[in-house]
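Residue-level listing of the chains:
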Amino acid sequence: MAAGVAAWLPFARAAAIGWMPVANCPMPLAPADKNKRQDELIILNVSGRRFQTWRTTLERYPDTLLGSTEKEFFFNEDTKEYFFDRDPEVFRCVLNFYRTGKLHYPRYECISAYDDELAFYGILPEIIGDCCYEEYKDRKRENAERLMDDNDSENNQESLPSLSFRQTMWRAFENPHTSTLALVFYYVTGFFIAVSVITNVVETVPCGTVPGNKELPCGERYAVAFFCLDTACVMIFTVEYLLRLFAAPSRYRFIRSVMSIIDVVAIMPYYIGLVMTNNEDVSGAFVTLRVFRVFRIFKFSRHSQGLRILGYTLKSCASELGFLLFSLTMAIIIFATVMFYAEKGSSASKFTSIPASFWYTIVTMTTLGYGDMVPKTIAGKIFGSICSLSGVLVIALPVPVIVSNFSRIYHQNQRADKRRAQKKARLARIRVAKTGSSNAYLHSKRNGLLNEALELTGSPEDEHLTKTTSLIESQHHHLLHCLEKTTGLSYLVDDPLLSVRTSTIKNHEFIDEQMFEQNCMESSMQNYPSTRSPSLSSHPGLTTSCCSRRSKKTTHLPNSNLPATRLRSMQELSTIHIQGSEQPSLTTSRSSLNLKADDVLRPNCKGSQITTAIISIPTPPALTPEGESRPPPSSPGSTTNIPPIGSNIVKVSAL
Amino acid sequence: MNLEGLEMVAVLVVLALFVKVLEQFGLFEPVSLEDSVEDEFELSTVCHRPEGLEQLQEQTKFTRKELQVLYRGFKNECPSGIVNEENFKQIYSQFFPQGDSSTYATFLFNAFDTNHDGSVSFEDFVAGLSVILRGTIDDRLNWAFNLYDLNKDGFITKEEMLDIMKSIYDMMGKYTYPALREEAPREHVESFFQKMDRNKDGVVTIEEFIESCQKDENIMRSMQLFDNVI
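- Chain B is annotated in an unreviewed UniProt entry as Potassium voltage-gated channel interacting protein 2 from Vombatus ursinus.
- Quoted verbatim from the Subcellular location (unreviewed entry) heading of the UniProt record, the comment on chain B is "Cell membrane".
- Quoted verbatim from the Sequence similarities (unreviewed entry) heading of the UniProt record, the comment on chain B is "Belongs to the recoverin family."

- Named according to an unreviewed UniProt entry, chain A is Potassium voltage-gated channel subfamily D member 3 originating from Vombatus ursinus.
- The record held by UniProt for chain A lists under Catalytic activity (unreviewed entry) the comment "K(+)(in) = K(+)(out)".

1. Some words on the overall build of chain A
Part 1 of the reasoning: Check the secondary structure of chain A and you find 24 helices and eight strands.
Part 2 of the reasoning: Scored against the burial criterion, the 655 residues of chain A give a buried share of 41%.
Part 3 of the reasoning: Sequence separation of 24 or more characterises 69% of the internal contacts of chain A that already satisfy a separation of 6 or more.
Part 4 of the reasoning: Per element, the accessible surface of chain A, about 35400 Å² overall, is 64% carbon and sulfur.

2. Details of helix 17 (residues 378-396) of chain A
Because an α-helix completes one turn every 3.6 residues, residues spaced three or four positions apart along the sequence face the same direction.
Residue and element names in this part refer to chain A.
Part 1 of the reasoning: The end-to-end C-alpha distance of helix 17, which contains 19 residues, comes to 28 Å, matching closely the 27 Å that a straight helix rising 1.5 Å per residue would cover.
Part 2 of the reasoning: Along helix 17, the residues that are buried comprise A379, G380, I382, F383, G384, C387, S390, G391 and V394.
Part 3 of the reasoning: N-cap assignment for helix 17: the residue whose side-chain oxygen lies 3.0 Å from the backbone N of G380 is T377.

3. Brief notes about the pattern of salt bridges
Residue and element names in this part refer to chain A.
Part 1 of the reasoning: On inspection of all chains with the given rule, the structure shows 26 salt bridges over all chains.
Part 2 of the reasoning: One salt bridge connects E117 with R86, and the closest N-O pair in it is separated by 3.2 Å. Taken together, the residues E117 in helix 5 (residues 111-121) and R86 in the loop between strand 4 (81-84) and helix 4 (88-100) connect sequence positions 31 residues apart.
Part 3 of the reasoning: Notably, a salt bridge pairs D263 with K299, separated by 2.7 Å at the nearest N-O pair. Taken as a pair, D263 in helix 12 (residues 258-276) and K299 in the loop between helix 13 (283-291) and helix 14 (305-316) lie far apart in primary sequence, 36 residues in all. There is no split in this pair, since D263 and K299 are both buried.
Part 4 of the reasoning: Overlapping salt bridges bring together E240, R244, D263, K299 and R302 as one network.

4. Comments concerning the nonpolar core
Part 1 of the reasoning: Among the nonpolar cores identified, the biggest contains 62 residues, and Y92, F125, M161 and F209 of chain B are the most heavily contacted of them.
Part 2 of the reasoning: Among the elements that line this core, the one with the most residues is helix 6 (residues 102-112) of chain B, at seven residues.
Part 3 of the reasoning: For this core, the two domains that each supply at least three residues are domain 1 (64-134) and domain 2 (136-229) of chain B.
Part 4 of the reasoning: Dropping the residues within four chain positions of it, F125 of chain B is found in contact with W8 and F11 of chain A together with L70, F74, F112 and V120 of chain B.
Part 5 of the reasoning: Counting 27 residues, the second largest nonpolar core, distinct from the first, contains Y61, Y114, Y121 and C132 of chain A.

Rules behind the numbers
Residues numbered from 1 in each chain as written. Chains lettered and ligands numbered in written order. Predicted model: local features only at pLDDT ≥ 70, side-chain atom pairs only at ≥ 80, totals over all residues. Heavy atoms only, no water. UniProt positions renumbered as here; feature names shortened; annotations may be inferred. Helix = DSSP H or I, 4+ residues; strand = E, 2+ residues; numbered from the N terminus. Buried < 20%, exposed > 50% of the residue type's maximum accessible area, 1.4 Å probe, protein only. Contact = heavy atoms within 4.5 Å. Areas by Shrake-Rupley, 256 points an atom, 1.4 Å probe, with all protein chains shown as cover. Expected span 1.5 Å × (residues − 1). Polar contact = N/O pair within 3.5 Å; in protein donor to acceptor, adjacent residues only side chain to side chain. Salt bridge = Lys/Arg side-chain N within 4 Å of Asp/Glu carboxyl O. Core = buried A, V, L, I, M, F, W, Y, C linked by side-chain atoms within 4.5 Å. Domains from an automatic or database assignment.

So this is what it looks like as structure tokens:
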């Protein structure tokens, strides 16, 4: 029911008087309006802009935020108004929805911002009125495509070792850039396609004469050579096709796909030729089959994105092309008929029949004008000129549509590539910014450690840091500190100077870290000998106690791959690396955020023993072999002793 | 078609093209029959404003605030100030999405449109509502009789009643339980007439109607439902 007519409900109820006298059964009781409040004005303060409306207006849609009691949460007692800290521009549309019953989508608004606002106010986007729904859907689709692109490109960057051989092969076929072998294969097939096409072309060139004064095409002169070349190409194509068929996730679908049909059509003539050898009867058909060899050139579309776009464009413009064809056919028939009858009288006219005039009409309408058929009578010439004029028009009409389609698809593709390229740069910049902010925590922590009791420190460098600590920051730091205390582990800091770390992070490989120890405040100043073993997981012991005892520490682990990969994509933007702090002696440890985060939550603090190794007790044995399987990368820093407060690895990200 | 005929056609085509070219140059104005362009914008920009609030207060039994609320709702749906039949039917149909309420809406429209000028203004609207919601039982019964009496001749015939009954059943729609039978409206009309028609002359007059309704408990009770609608 539209909002506006909600006001007419009393009228509809009054109109029911017509049913009363004819009713056979007694009527049900009317609902009592308990709090019969007079309609009052509500003030909605959205980021400072005040909107006012009647309470009943808002109550028209009781399943939204504004229509239900949920808005009471936003009621500000002091100013007696409802305050929403949201975008006032979008709120205008939302409020108009209550007033008029129609939700509009303004063009200048960003689609995701708009969606967020709608979600906040509890309004379903499906209610958007017809006037704006198309625009909304288009924008939403573009956004979804963009997101999918992003996801795809992210997925491509991940190494998913859990693929089967078949899946890796398929991936190699579809994305040649994933591995060198795939790239080699890609280029080899490309080369052979080119060879095959050139062979087909050169075969027919007349080269030299044979004694007997007959010009032979090269194909017959060097028949053996060409045959060998053809065989080689077909071998490669066959092998490629079979491999693709084997690797395809859905063989049935693969067989039906266009590319596979082209592959089959490209290699079939050869095999058919083999089978039929020199049978005279079908040699004519055999010659025809050779024509299909030219389809090999379409195999290039796997190698060229432009070709694919062209094909896709033509497919999407199918209706325009159909219209073009239909209108051309109509015009051809009309003009052919007219020309035939116009030229009927003239002697030796080439227009012997209407189908014969088709040729003239087509040639004229497409402005080719071969001149092999020319009208001679006056009427014929008049109609011929009209024919050529109209031909230009008819052909020119659907062409812009096709062109604009092509342009749109092409630009979309370009946009996807550009976006992917920009994304890397963007992420790198974001990462640098985040490490900067995450360092603040470590700095402040260090300051806290050094001067735990003092709020204000006298040392100059600390002043600079404490100055920049706002209330929110200090609360955040306090929170992280509490977490550290809970688990007995502590954060490590990334040293932006050591680029090795960041690159390894980017590759989502294990991280080479220098562990430094920073435990409790009391013990921070002391040096501890610690033993470190690369095969971390096997050492449960070696812990540093939270508060007093110290013993060996172990670092740990290679993390399990599975949880790691899950969060990999998040890694760059928001990750938490918690690592057991270690003594200076190097160990290479691998950590993945994920694992750390999981493990951190485990109650590691048994008594006073804390294993910084995440593995410690309940680690699954699976971690060990995985950890072991990766050779520790050697990094320059890993062999040096690190002073207690060293700089280290990676990241603390926003929680 | 012989050649000469075709040549004639060709010449005619050339002449037509020539005329078109002259048109382009503006030297040859074609005869325009009527200006049909302006007709498109001949919308009903009629705007009707109701009489003042005080007058309406006198004429109806609504309070000032109630009139304000009513007018706001009215104006929201009908910005031009008057409702025509189409609009009326469309508004009413929004309350009965499953069925077809257009016939009943027509009858309602005719009942509200007291001066029969094809449109219901706010005064008509409020006057009708005032009778139904704030009037005495007799007033309400009178109004109902007026609704049933389609040709406003003072008598309700069986055909009129059948039309009304069918329109009411139409509003229920097709998917009811138990399913609607063909004869249900007719049977309903028969029972109605049996109850109402005292002298069995085949029509129901206003006196018969009021008298019969006052005797019927159910109807009396249902009339009181309208006390608290606004």
